[in-house]
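# Coordinates in review
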Amino acid sequence: MMGDTLFLQFYNQIKDSYFDLCNGFSDTHDLCRSKGDFYWTQHEVDSSRWYDEGIYAQRKLPIEKGTVYISAIYLNHLYQSYVWAREYPDIQFVVGGPVAAERSCNDEAWNPVYFQLAPNTSLPGNLKITGMSVEDRFHVPNFSGQWKLMIPESVAPSSPIYFSYTLDNRCYWSKCVYCNIALHAGELFRQRKKLDFEFKEVTHPGTKIVRLNTGSLTPAHIRKLLPTLPRRDDFEYRLFMRPARPENNALKEAIGSMKESFPKMTLGLGIEFPSDRMLKYAGKGFGKDEILESLAICRDHDIRTNGNVMLGWNNLIEEDLHELRDFMERVPAGSMATIQVRWLFAHPYTEIHETCSGEPVHLGPFYLGFRTEVDDAQTALNREAADIIDHYSSIKVFRPDGMAGVRRYLERG
Ligand SMILES: C[S@@+](CC[C@H](N)C(=O)[O-])C[C@H]1O[C@@H](n2cnc3c(N)ncnc32)[C@H](O)[C@@H]1O
Ligand code: SF4
């Protein structure tokens, strides 16, 4: 029998492989347990179905009145909260989590980072989306509780699980012109001070994929944290690192300080568009030689990497393509397992949103921005970049993920 206060989390299996636990309330397990019941519900994995309100309407809650705290990790969780708030007028919904983050703090108004409200739209009165943490809400210090991980009963013991261990809720760099993590309000900065890696106590026998959560690792994280990560065959780590000189130096120091190799980990490197001119335009603060150095270090020390690349730029010049070819020529073979290619998405409030254009994307009442649309000349340059990446995928032995989606946008042009 459920009480009248629920802490709701989404979860689901991704690509017939691991379960994403979207583990919002684990950080505040004891606090939440003292106030209500935990409740798991299905996360919609197929993002093409996120726009269909029917998907949300068919999902029912086990209570008719009370308070439901929702941990929103992906944007569809906001839409689900909105639909529930209309359907359950006697429930107060309090939604927090990464996609509820604020871009600035003002007592009068809540300023979301991840969307704008569509014109002439207001949120139901019983729906509060907040950048505050659960601890802020209940007036206890952030990260003061015991970290735990709840695992839904339907997850088989042998299944791999994926969850986050939060280091902090921002990016120390915060300068990239397309990035909404860069806009998180400084006033709501939260950082785990005591890094005890409590997830090593998780009893689940299957593989545990741990995202060490921060926008981008700091050089201090690399020096102090990476060498102390628990090493076990059933743990894998995922992290984002800027492939920049200070990070490379910190990585070399960390490697030098260790007797063994790093535990199994995948570093996500924001390569974006590897020409010095484009990296400067994007606000990355590093050049392509620094990326090549990161790749060489990782290859020499068995660190798996995923290069993140974006296409859909409206300002490419021929020189950028020469540089991209030169970069690909110099990539150490076998240093990147995958290149994840994405089409540039212009999030509200970012510089890209102001300087590019495209068809607005709405998720129910939430305006999310647009995928950039580029003219014929720019489409041709972006297509050439895609061809270069595909060409080098067999030579440098990486898998170009996401290319089919990017090619669909190129055909639209
Ligand atoms: C979640 S971000 C974190 C990036 C990480 N902090 C870094 O700089 O390496 C991972 C990747 O997503 C891609 N990305 C971020 N914002 C994007 C946007 N607005 N449109 C398309 N791709 C984006 C970029 O390639 C970025 O490197
Ligand atoms: S380094 Fe990564 S998280 Fe930080 S601002 Fe740039 S893209 Fe965003």
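Residues numbered from 1 in each chain as written. Chains lettered and ligands numbered in written order. Predicted model: local features only at pLDDT ≥ 70, side-chain atom pairs only at ≥ 80, totals over all residues.

### Here's the deal with the pairing of strand β1 (residues 5–13)
Residues in a regular strand point their side chains to alternate faces of the sheet. Across four bridges, the pairing between β1 and strand β4 (residues 66–71) is parallel. If you follow L6 over to β4, its bridge partner there is V68. In this structure, β1 lies alongside strand β3 (residues 37–42), joined through six bridges in parallel fashion. Paired with Q9 across the bridge in β3 is W40. When β1 meets strand β2 (residues 19–20), the two strands line up antiparallel, connected through two bridges. Opposite Q13, over in β2, you have F19 as the bridge partner. In textbook terms, the turn of a hairpin is the stretch between consecutive antiparallel strands, and for β1 and β2 this stretch comprises five residues, one of which, K15, has a positive phi near 45°. (Pairing = 2+ DSSP bridges. Helix = DSSP H or I, 4+ residues; strand = E, 2+ residues; numbered from the N terminus.)

### Considerations on helix α11 (residues 376–395)
The terminal C-alpha atoms of α11 lie 29 Å apart, and with 20 residues this matches the ideal 28 Å at 1.5 Å per residue to within 8%. When α11 is considered as a whole, its buried residues turn out to be T379, N382, A385, I389 and Y392. Each buried residue of α11 lies within a common arc of 160° when the element is viewed along its axis, so the set occupies one face. Opposite the buried face of α11, by more than 90 degrees, sit the exposed residues D376, A377, D387, S394 and I395. Positioned one or two residues after α11, V397 has a phi angle of 60°, which is positive. (Expected span 1.5 Å × (residues − 1). Buried ≥ 20, exposed ≤ 12 C-beta atoms within 10 Å, placed from the backbone. Arc of directions from axis to C-beta.)

### Focus: the packing of helix α9 (residues 318–330) against α11
Contact geometry for α9 and α11: axes closest at 10 Å, N-to-C directions at 10°. Comparing their axes, α11 and α9 come out roughly parallel. Across the interface between the two elements, L321, L324, R325 and M328 from α9 touch L381, E384, A385, I388 and Y392 from α11. (Axes fitted to C-alpha atoms, helices over the stretch in contact; angles between N-to-C directions. Parallel < 35°, antiparallel > 145°, perpendicular 65-115°, else oblique. Contact = placed C-beta atoms within 7 Å.)

### A closer look at the site of ligand 1
In the neighbourhood of ligand 1, 17 residues make up the surrounding shell, with S216, F240, G270, N308 and F345 lying closest. The set of elements that each furnish at least two residues to the shell around ligand 1 consists of β13 (265–272) and β14 (304–311). Here the shell around ligand 1 is composed, by residue class, of eight nonpolar, six polar and three charged. (Near = placed C-beta within 6 Å. Nonpolar A, V, L, I, M, F, W, Y, C, P; charged D, E, K, R; others polar.)

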